[in-house]
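Listed below, chain by chain, are the residues.
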Amino acid sequence: MKFFSALLRSRNAVLGAFILSVFVAGAVLAPVVAPMAPTQTDLRGRLSPPSLSLTEIGKAPLGRDQLGRDVFSRILYGSRITLAVALASVVVGGIVGVGVGLYSGYRGGLPDQIIMRVVDVQLAFPLMLLALVVVAAVGPSIGNLIAVLALTSWTRYARIVRGEVLALKHREFILSAHTIGANPWRIAFQHILPNVLMPVIVVATLELARVIVLESSLSFLGIGVQPPYPSWGRMLAEGRSYISSAWWLATFPGLAIMLVVLSVNLLGDWLRDTLDPRQRERRQ
Amino acid sequence: MRLRSFFNGAVATAALACLATPSLAERLTVALSANVTLLDPAMTTTVGTDLSVISHLYTPLVIRGPDLKLQPALASSWEAVDDNTWRFKLRPDVKFANGEPLDAAAVKWNIDRILDPNQKAPVRAWLSAIKDVRVVDPTTVDLVTSSPYPSLPDQMSMIFFLPPVWSKSHNPAIEALGSGPYDLVEFKPGDRVVLKAKPNYTAGPKPAFDDVVFRVIPEDASRISALLVGEVDLISGVAPSELARIKNSGKFVVGAVPSTRMQFVKFNNLKAPFKDNPALRLALNYAVDKQAILDTLFEGYGSLNACQPLNESYFGFNPDLKPFPYDPAKAKELLAKAGYPNGLTIEFEVPLGRYLLGAEVSQAIAAQLEEVGVKTNLVEMEYGRWIDKFQNAGNVGSLSYLGQSWPTLNADGMLSLFETGNRYSYYENADFTRLIREARSTTDEKKRVEIYKKATESFCADPAHIVLFNQPTTYAFADRVKWTVRSDDWFRAVDVQLAK
């Protein structure tokens, strides 16, 4: 309850939450809301312009694409793929990253050194290039896409979590747990993990926005979601060839990407401010 | 004072150089939609990119002009001495850039190289009838075949000759030392090929351009913008919907000519589900509304192919066969007969960047197939990677979208692409293969036409692919040049002149 009233106090957060819930609702209700199946073509109606006006919503509110598919329906179904892929990869990356970070920070010593150098190396490597190389090697599919996106993001969690663990490790309550002979698993998961979750949630929100952009970029380059399934990046790429004659093909998916990333970022910023105690103190 | 006169002199020289440059070095920049993979003439059959570039560097025996007629090149004349022997008279003055003569011995060395099984030359299947290359004298060469080969001179229009001595110590795939009108300056696969005219070239017409640059621009929209901003002088493979816009932007000439290339969806008939399932092959042919695709995506350009892998420009075309009608009900019926009453799922490979609107056409076909219950998993890939699977690895997907033509414009060459045993065929039709081999062994044109009629009928009863259409060759070029556009895929700088 306190959480929601805090949310309502921030105009940016409300805006972000509103935009994001519209897209989530669109994704969930896509089969009900969409006027056409996203892959259904109608060659005779190709490139018909948007029929959206102040007085009525036509059959193709955002126009038809180069194969006569409804752009609105494709954006709705595209949001399913974009959001699902982004969420899945953030969760997978998060679990791996938190696990590695906990181990590395708690164990210390040589394993910690090795893991952190691996993280350094991967952070120094351009993520886009890494994703391109991996997808080119294993072939494009949704599963591979999630794996690649998770691969590009686990390092951030690992770093943050390790730092927090190092700070917590020598606090009294951990030392006392040690003294009474608690098993290291119990200490890591029961005592340390709950205390590092806040920064993890903040990282996860910001990662979500980054991963959406990365997924769109990969699909734009043709190595993400394969046709005919709609993905915003792919729609943008296909629409680019028609930008001079049919602006709606690239414009709407581009807007969708922008709005979702904006909303996630607004929420992420607010979360960071709210959950970070130092920030909170400063505001009070 | 002395300093000043030095400057004056320098300025004057520079000014002279500036004045002189435009008339000396005219540059022609050509956009290619797919990569030039290699420069070894024996190791490629891709006319639109590899062989077109190679034809600027090397000389064939005969050459096909923009009017699609054969013209003399290295050979000044040719004749059939008997049923199994073609005699070519060579020009005496053709030399490679290092002084090596391009004589009968060099011709023999090159053809023997292609015929060597270890070389694995893709074009070998079309020359395997050559039993012996006989050097009569330095300017006369006899090609002796094991059976009559009436279209051999046509076939030789895509065979180019390397310098034998130079080739021993160099890699002709990435280097070139030619006998043609141009020298290779730079070859950057995936980016550009830069050529410079030989100053003392006498073996053919003198090209109008001293510098020719081929730039690889796979993206359609980028190709158009490169033309519009003047980075390139001519492009082809323009989406028909863009032609009017380019024309309206001012100084450009646009148009379309019918192509000798036929588009289709290839089946891999050597593996399930197409292997030994003629009903399935027929079913898919009834499931695609080809005319709708031409009317919409191609804005009415292009024409349907009759039920055979030939069109009107080929010798041996069968005018009695008609295109498959669009009949989804019949397609479903045949699917049930093929053992798939509830439909099936097939992989569909789409090479990108090479065929006009390839991605769009493939998705349209995939949607139409889905309507009769055939679901497809589209896999888009770069053309080079796909051609490697198709040509070298022998494991092309169950379906793939491609277009083929054969430079000889003869049923013999074109139908060989479907002959059992040919690496491009992926098709087993014993009757068809027997017939085209039979046709190859007679010189009687009438009899050959009769046999090709039977062969194309056999193909039509059991098609190797979803027969689609001739795609139009669309083009656009800056009006500072004048390009004689041709309907086969060859591009030659000599077909381009400066507009006066």
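Basis of the calculations
For every chain, the first residue of the written sequence is number 1, and numbering continues from 1 along that sequence. A letter from A marks each chain and a number from 1 marks each ligand, given out in the order of writing. Restriction of local features to residues with pLDDT of at least 70 applies here, the model being predicted, together with a cutoff of 80 or more for giving and counting side-chain atom pairs; totals for whole chains, interfaces and linings are based on all residues. As a rule here, side-chain values cover all heavy atoms of the structure and leave hydrogens and water aside. Space inside and on the surface of the protein is sampled on a 1 Å grid over the protein atoms alone, with a cavity defined as a set of points where a 1.4 Å probe fits but cannot get out and a pocket as an open set with protein on both sides within 12 Å along at least 5 of 7 lines; lining residues have an atom within 4 Å of a point. Grid points are joined across faces, edges and corners, and a volume is the space filled by probe spheres set on the points. In this description a helix means any DSSP run of H or I spanning at least four residues, a strand means any run of E spanning at least two, and both kinds are numbered starting from the N terminus. Three classes are used: nonpolar for Ala, Val, Leu, Ile, Met, Phe, Trp, Tyr, Cys and Pro, charged for Asp, Glu, Lys and Arg, and polar for all others, with Gly counted as polar. Only when DSSP finds a minimum of two bridges between them are two strands counted as paired. Axis definition: a line fitted to C-alpha atoms, over the contacting stretch in the case of helices. Angles run 0 to 180 degrees between N-to-C directions. The criterion used for residue contact is that any of the two residues' heavy atoms lie within 4.5 Å. Note on exposure labels: buried denotes an accessible area under 20% of the residue type's maximum, exposed denotes more than 50%, and partly exposed covers the range between, all computed with a 1.4 Å probe on protein chains only. Think of it as the arc spanned by the lines of direction from the helix axis to the C-beta atoms. Summed over both partners, the accessible surface that disappears when two parts come together, traced with a 1.4 Å probe, is what is meant by buried area. Salt bridges are identified by distance alone: a Lys or Arg side-chain nitrogen within 4 Å of an Asp or Glu carboxyl oxygen. Any N or O atom pair separated by 3.5 Å or less is treated as a polar contact, with the protein-specific requirement of one donor-capable and one acceptor-capable atom, and with residues adjacent in sequence counted only for side-chain atom pairs.

Engineer: Looking at this structure, how should I read empty space enclosed by the protein?
Structural biologist: Where empty space is left in the structure can be found by rolling a water-sized probe over the atoms. Residues and elements named next belong to chain B. All chains considered together, the criterion is met by three cavities of 30 Å³ or more. Taken as a whole, the largest cavity encloses approximately 230 Å³ of empty space. What lines the largest cavity is a set of 19 residues, and nearest its centre among them are Thr45, Thr46, Arg261, Gly403 and Gln404. Secondary structure elements with two or more residues in the lining of the largest cavity: helix H13 (383–393) and strand E16 (399–404). The element best represented in the lining of the largest cavity is H13, accounting for five residues. Along the lines of polarity and charge, the residues of the lining of the largest cavity split into eleven nonpolar, six polar and two charged.

Engineer: For this particular structure, what's the right way to read the sheet that holds strand E4 (residues 75–82) of chain B?
Structural biologist: The strands making up a sheet associate through backbone hydrogen bonding, with each pair oriented either parallel or antiparallel. Residue and element names in this part refer to chain B. The four strands lie next to each other as E4-E5-E7-E6, forming an open sheet whose pairing is antiparallel. Every other strand in the sheet has two partners, leaving E4 and strand E6 (130–137) as the edge strands with one partner each. Shown here is a sheet whose adjacent strand axes are inclined to one another by a mean of 20°, direction ignored. Sheet analysis places E4 next to strand E5 (residues 85–90), joined by six bridges and oriented antiparallel. Bridge pairing links Glu79 to Arg87 in E5. Against the sheet, helix H3 (residues 104–115) contacts E5, E6 and strand E7 (140–145), and its axis sits at roughly 170° relative to E6.

Engineer: Would you mind going over helix H11 (residues 328–337) of chain B with me for this structure?
Structural biologist: For an α-helix, the turn length of 3.6 residues means that residues three or four places apart are oriented alike. Residue and element names in this part refer to chain B. Considered for burial, the residues of H11 that qualify are Ala331, Leu334 and Leu335. Seen end-on, H11 carries its buried residues on one side only, within an arc spanning 105°. Every exposed residue of H11 that faces more than 90 degrees away from the buried side is listed here: Ala329, Glu333 and Lys337. Contact partners of the buried residues in H11: helix H9 (278–287), strand E14 (344–352) and strand E15 (374–382). Of the residues trailing H11, Gly339 is marked for its positive phi of about 100°.

Engineer: Which parts of the structure should I look at to understand the interface of chain B and chain A?
Structural biologist: As a measure of interface size, the accessible area lost when the parts come together is often cited. Chain B puts 22 residues into the contact, and the matching count from chain A is 19 residues. Both faces combined, the contact of chain B with chain A buries some 1800 Å², and carbon together with sulfur accounts for 48% of it. Ranking the residues of chain B by area buried against chain A places B:Thr296, B:Gln363 and B:Glu380 at the top, with a combined share of 27%. Across the contact surface, chain B and chain A share four salt bridges. Taken together, the connections running from chain B to chain A amount to six residue pairs in polar contact (both at pLDDT 80 or more). Elements with a contribution of two residues or more to the side of chain B that touches chain A: helix H8 (240–248), helix H10 (290–296), helix H12 (358–371) and E15 of chain B. Looking at the side of chain B that touches chain A element by element, the count peaks at five residues for H12(B). When grouped by side-chain class, the residues that make up the side of chain B that touches chain A number nine nonpolar, four polar and nine charged.

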